[in-house]
Amino acid sequence: CGVFGIYAPGEDVAKLAYFGLYALQHRGQESAGIATFEGEKVHLHKNMGLVSQVFNESILDKLSGNIAIGHTRYSTTGSSRKRNAQPALVETRLGKVALAHNGNLVNTMQLRSELLKDNCNLVTSTDSEMIALAIAQEIKAGAEWLESCIRAFHRCSGAFSLVIGTANGIMGARDPNGIRPLVIGTLGNNPVRYVLASETCGLDIIGAEYLRDVEPGELVWITEEGLASFHWSQQPQRKLCIFEMIYFARPDSVMHDESLYSYRMRLGRRLAEESPVDADIVFGVPDSGIPAAIGFSQSSGIPYVEGLIKNRYVGRTFIQPTQSMRETGIRMKLNPLKDVLYGKRVVIVDDSIVRGTTSRKLVKALYEAGALEVHMRISSPPVTHPCFYGIDTDSQDQLIAATKSVEDIAKQLEVDSLAYLSWQGMVEATREDPQSFCTACFTGDYPISIPEQVKRSKLM
Ligand code: 5GP
Ligand code: SF4
Ligand code: MG
């Protein structure tokens, strides 16, 4: 999911939130929503669809106020339907709270029963609503805003990057492992106005300047007095989802002081060094495989071309929730360039293989277009384990690499050769401490323990 928050008295916050969400659209395409606070009054609009489908000028005009919270949804818990759209809005003793969540909790069953014991009215089926209700529950028990949020966070286990709106200001918070990203930006300097966004591309689009990340286990509270920071977790331990860097986040977003485009090019260079091949041309699977393909070309000297053209108006096939939608999606999306491919030995680079459905179809299309040899190179290691922290990589039995060796996958995809980047190569290319990432979908080494019951739902 994509989350966005803005505290900017005097600005058209709804419009700024709209543009912020527009830039974060790749993080979720099922539903979108914005809540604004005008004093104690809250305006909320959310619906199924893309940001551009959910909002128009007249809707945005009605969302007045000084504060806005926004969300684009990609469903992991709770089905894809309107009432599960965010922000979640909950009534508390201290006034309304709007909450937008990116990530996935792993202890929802426990949290749910705690909430039900207290007669909380669970309207939706999302873990995100449960966080908002847990905050309301703590407020009911007598605590003030800050304390209530922190108490509620301690009851949550899993991945959560949150943007929370109240009449007085906005909060940004990350779980103790900082699995999902969240950045702070400033807009103008007199007075300073603050913006929160999942990625820096959500700041760029409104001309906000990147200030810093919200730290793992940190809560920032932005009010008319400025920004206050609270380190609420006793054991913060950085475990950023490495899939954000490899695939999920936009290439122009900055993490660790460089664009993900640069990181992904480095993955491609490393891949070429680890698994060279004799070929005539190299290209990436648009869009996510392109930076790594360019890196592969730079390092190998094999000319970079475009072998597949993407219809820019078809969304990410992976994010649509059903298999049948996925299967029709892919044919709509990519078209091979026959005259470029004809008679060539080609290297096709992609960022990952999950189920293998995209890859198999693509390889077939390349041969049909006249490619002589097809060598597939993947800029991450085999995905062998499901994600429980908010990326929809499905259950383990759906993952092609969970049961098959690289050799068997190559046979199934009918490629002349197949190679994946090593785990070492992937983490070394970050130039950060390898321990500061979650890489569980490649290793099965989950940084946040997963209750048995939840494990059984996705693991073989
Ligand atoms: P497959 O056909 O192997 O299931 O899908 C792999 C392709 O889906 C890659 O091109 C990758 O860019 C794309 N993809 C889309 N969403 C995701 C995701 O959430 N995780 C991963 N690993 N790949 C995804
Ligand atoms: Fe990211 Fe994989 Fe960890 Fe999930 S399991 S948070 S996709 S690295
Ligand atoms: Mg892709």
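For the structure itself, look to the data block above.
Quick caveat: nothing in here was measured; it's all calculated off a predicted structure.

Asks: Before we go on, may I ask you to explain the side chain of His-101 in this structure?
Replies: With respect to the helices, strands and loops of the structure, His-101 is situated in strand S6 (residues 95-102). The class of His-101 is buried, set by a relative accessible area of 1%. Here the side chain of His-101 touches Ser-128 through a polar contact of 2.8 Å, side chain to side chain. Leaving out residues up to four positions away in the same chain, His-101 has contacts with Cys-1, Val-3, His-71, Gln-86, Asp-127, Ser-128, Ile-131, Ala-159, Phe-160, Ser-161 and Leu-162.

Asks: What is the right way to look at the packing of helix H4 (residues 108-117) against helix H5 (residues 127-140) in this model?
Replies: The relative placement of two packed helices comes down to the angle between their axes together with the axis-to-axis distance. Close contact between H4 and H5 brings their axes to 10 Å; oriented N to C, the two are set at 45°. Overall, the two elements H4 and H5 adopt an arrangement that is oblique. In this structure, the crossing between H4 and H5 has a hand that is left-handed. When H4 is examined against H5, the residues Thr-108, Leu-111, Arg-112, Glu-114 and Leu-115 are found in contact with a partner set consisting of Asp-127, Met-130, Leu-133, Ala-134 and Gln-137. A per-class count over the contact of H4 with H5 returns 5 nonpolar, 2 polar and 3 charged.

Asks: Any chance you could explain the sheet that holds strand S9 (residues 183-189) here in plain terms?
Replies: Two pairing modes exist for strands in a sheet, parallel and antiparallel, and in both the strands are linked by backbone hydrogen bonds. Taken together, 7 strands build an open sheet; the order of strands is S3-S2-S4-S1-S10-S9-S11 and the sheet is antiparallel. The open sheet has two free edges, formed respectively by strand S3 (41-48) and strand S11 (209-213), since each of these has just one partner strand. Across the sheet, the axes of successive neighbouring strands diverge by a mean angle of 15°, strand direction being ignored. Alignment of S9 against strand S10 (residues 192-197), held across 6 bridges, turns out to be antiparallel. By the bridge assignment, Leu-187 is partnered in S10 with Arg-193.

Asks: Mind showing me how you'd approach the sheet that holds strand S12 (residues 218-223) here?
Replies: With respect to topology, 6 strands assemble into an open sheet ordered S5-S6-S7-S8-S12-S13, the strand pairing being antiparallel. If you trace the sheet from one side to the other, it starts and ends with strand S5 (88-92) and strand S13 (226-231), each paired once. Ignoring strand direction, the axes of neighbouring strands in this sheet form an average angle of 20°. Of the strand pairs in this sheet, strand S7 (residues 161-165) and strand S8 (residues 170-174) are connected by 5 bridges, and their pairing is antiparallel. Each residue of the ladder has a partner; that of Leu-162, found in S8, is Ala-173.

Definitions and cut-offs
- Residues numbered from 1 in each chain as written.
- Chains lettered and ligands numbered in written order.
- Predicted model: local features only at pLDDT ≥ 70, side-chain atom pairs only at ≥ 80, totals over all residues.
- Heavy atoms only, no water.
- Helix = DSSP H or I, 4+ residues; strand = E, 2+ residues; numbered from the N terminus.
- Buried < 20%, exposed > 50% of the residue type's maximum accessible area, 1.4 Å probe, protein only.
- Polar contact = N/O pair within 3.5 Å; in protein donor to acceptor, adjacent residues only side chain to side chain.
- Contact = heavy atoms within 4.5 Å.
- Axes fitted to C-alpha atoms, helices over the stretch in contact; angles between N-to-C directions.
- Parallel < 35°, antiparallel > 145°, perpendicular 65-115°, else oblique.
- Left-handed = near helix turned anticlockwise from the far one by under 90°.
- Nonpolar A, V, L, I, M, F, W, Y, C, P; charged D, E, K, R; others polar.
- Pairing = 2+ DSSP bridges.

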